[in-house]
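Summary of the model geometry
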Amino acid sequence: MAYSEKISQAIAEGAKLYAIKQFDEAATKYADACAAYNEEHDEDDADLLLLYGKALFQSAVTRSGMLGGIGENDEEENADEEKEENEEGNFHFEDGIAQEVDDDENAQKEEDEEEEEAADQDEDKENQDNEEQQEAGPEQSDFEVAWEILELTRSLLDKRLEGQSAEGVEKPYLKNADEIPSSEYVSNIKKLSEVYDLLGEVSLEAENFAQAATDLHRCLELRQQLYPKDSGLVSECHYKLSLALEFSLTDNSREEATEQMKLAIESVKLRNSKESDEEKKKDNDNLLRDMDERYKELKKSPKPDLKAEQMDIIKGIMGEAVSSTQGSSSSKAVQDLSNMVKRKPVVNDLSSMVKKRKAPSDSADSKKPKKE
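Predicted model, so just to flag it, every value in this text is computed and none were measured.

Turning our eyes to something else, we now look at the overall build of the chain. Looking only at helices and strands, the chain has 15 helices and zero strands in total. A total of 372 residues make up the chain; the buried ones form 39% of that total. Counted over contacts in the chain with a minimum sequence separation of 6, partners at least 24 positions apart contribute 73%. When the accessible surface of the chain is totalled, it reaches about 22100 Å², and 46% of it is carbon and sulfur.

Below you can see the structure in the form of structure tokens.
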């Protein structure tokens, strides 16, 4: 599709930023492109939304490893500082300096009154800000916005595919992930598989394993239509689906997870048997050893403390580095996202999603998407 100069420029700038992993800035550029398209055509474009959703997801993953909180050391340091301040306020007087004490007390009283007045003003301002925020509604996390953008993308791609067919195209549609689709139908199937993959990863981040399994299963169905059995995208999808099923902890989910891991191993083995690059063969051998260990563990009875190990495993696989000092703030964020990540009616108001996106405190102005 041919875009206007304004949209094309935003896409090009977003692509450059995405390539150097400045995902937040890239998301802003893609948001600008989405908004401009909506203004020009009075509708949303699935291709632009996919670019925006991908950048939002990558930005959210990056931020999730940077969540901060007050750890024990910080709390102790703050307590020590408070103790020192209190101790500095405990005066001891000797005979002969009563007048000096009175002067000090008067000066202290005036200072306290000024501080109290300033505190009242700050409190009034804070109450006003809270009221404005309540009227505007709660801000959404990057994961939440990414989810809604990807859900909208999924809906639009599904509508596109309703009037298309695979007539005349043999399965698998593509030889590999780098091949350019030969038809619009295949191109849309490829994009839809990517959307489902991203939705599955958002659900994994949210610990909503049942929803992750649903989306990754659909992703796998599409990728099996698109690519040969030995495709890296197929084996990757088998692996992710196995992970989601393992932690779903529902009837037969562990058996299904074991089967998916087995299929992932078979896919990698088949690919490795055709590999001529010795370095890649070595990498695949290492991967197979790790996967085989997981497969053996899945065949065993689940451990009693499996639930406690879930997030450690997930974070390792998803590449997170969240410290143990995050406290309740990160746990609440995960819970809120878990409650949100469920299939729900599609929201077609893109402007509300763009506006609710949280901007970083250090550079809010430069990263806030434009109004639509």
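Now that the structure has been shown, the text picks up again.
What follows covers the pattern of salt bridges. Per the counting criterion, the structure on display carries 19 salt bridges. Between E194 and K54 there is a salt bridge, with its nearest N and O atoms 3.0 Å apart. Pair noted here: E194 is in helix α7 (residues 184-205) and K54 is in helix α3 (residues 46-64), with a separation of 140 residues, a long-range link. Residue classification places E194 among the partly exposed positions, given a relative accessible area of 25%. Across the pair D230 and K274 runs a salt bridge, and its minimum N-O distance is 3.0 Å.

Before going further, it helps to examine the packing of helix α1 (residues 5-19) against helix α2 (residues 23-41). Here α1 crosses α2 at 165°, and the two axes come no closer than 8 Å. By the angle between their directions, the pair α1 and α2 is classed as roughly antiparallel. Both α1 and α2 take part in a crossing whose hand is left-handed. Judged by residue contacts, K6, I7, A10, I11, E13, G14, A15, L17 and Y18 of α1 engage F23, E25, A26, K29, Y30, A33, A36, Y37, E39 and E40 from α2. Classifying every residue of the contact of α1 with α2 by side-chain character gives 12 nonpolar, one polar and six charged.

As a further point, take the UniProt feature "domain: Tetratricopeptide SHNi-TPR" (unreviewed entry) in the chain. When the UniProt feature table is mapped onto this chain, "domain: Tetratricopeptide SHNi-TPR" (unreviewed entry) is found at residues 193-229. Helix makes up 84% of residues 193-229 and strand 0%, and the two end C-alpha atoms of the span are 15 Å apart.

Right, let's talk about a negative patch on the surface for a bit. Taken together, the side chains of E111, D112, E113, E114, E115, E116, E117, D120 and E123 define an acidic patch exposed on the protein surface. Relative to the elements of secondary structure, D120 occurs in helix α5 (residues 98-136). Using a relative accessible area of 39% as the deciding quantity, one classes D120 as partly exposed.

The N-to-C vectors of α2 and α3 enclose an angle of 155°; their axes lie 8 Å apart at closest approach. Taken as axis vectors, α2 and α3 run roughly antiparallel relative to one another. Seen from above, α2 lies across α3 with left-handed handedness. Residues F23, D24, A26, A27, Y30, A31, A33, C34 and Y37 of α2 lie in contact with α3, whose contacting residues are L48, L49, L51, Y52, A55, L56, Q58, S59, T62 and R63. Broken down by class, the residue content of the contact of α2 with α3 amounts to 14 nonpolar, three polar and two charged.

Below, the discussion takes up the packing of aromatic side chains. Aromatic ring pairs are defined here through the distance separating the ring centres and the angle between the ring planes. Counted by the stated rule, this structure contains five aromatic pairs. With a centroid separation of 6.1 Å and 80° between ring planes, the pair formed by Y3 and Y37 is classed as edge-to-face. Residue Y3 is located in the segment before α1, and its partner Y37 is located in helix α2; the two are separated by 34 residues in the primary sequence.

With 21 residues, helix α10 (residues 253-273) should cover 30 Å at 1.5 Å per step; its first-to-last C-alpha distance of 30 Å lies within 8% of that length. S253, R254, A257, T258, Q260, M261, A264, I265, S267, V268 and N272 are the residues of α10 that are buried.

Attention shifts here to unusual backbone geometry. Residues K171 and P172 are joined by a peptide bond in cis, for which omega reads -10°. Position of P172 relative to the elements: it lies in the loop between α6 (142-162) and α7. Positioned with a positive phi, E207 is a non-glycine residue whose angle comes to about 65°. Of note, N252 is a non-glycine position whose phi angle comes to about 65°, a positive value. By the element assignment, N252 lies in the loop between α9 (232-248) and α10.

What counts and what doesn't
- Residues numbered from 1 in each chain as written.
- Predicted model: local features only at pLDDT ≥ 70, side-chain atom pairs only at ≥ 80, totals over all residues.
- Heavy atoms only, no water.
- Helix = DSSP H or I, 4+ residues; strand = E, 2+ residues; numbered from the N terminus.
- Buried < 20%, exposed > 50% of the residue type's maximum accessible area, 1.4 Å probe, protein only.
- Contact = heavy atoms within 4.5 Å.
- Areas by Shrake-Rupley, 256 points an atom, 1.4 Å probe, with all protein chains shown as cover.
- Salt bridge = Lys/Arg side-chain N within 4 Å of Asp/Glu carboxyl O.
- Axes fitted to C-alpha atoms, helices over the stretch in contact; angles between N-to-C directions.
- Parallel < 35°, antiparallel > 145°, perpendicular 65-115°, else oblique.
- Left-handed = near helix turned anticlockwise from the far one by under 90°.
- Nonpolar A, V, L, I, M, F, W, Y, C, P; charged D, E, K, R; others polar.
- UniProt positions renumbered as here; feature names shortened; annotations may be inferred.
- Patch = residues over 30% accessible without salt bridge, like charges linked within 9 Å, V, L, I, M, F, W, Y side chains within 5 Å.
- Lys, Arg positive; Asp, Glu negative; His and termini not counted.
- Charge placed at Lys NZ, Arg CZ, Asp CG, Glu CD.
- Phe/Tyr/Trp six-rings, centres within 6.5 Å; stacked < 30°, edge-to-face > 60°.
- Expected span 1.5 Å × (residues − 1).

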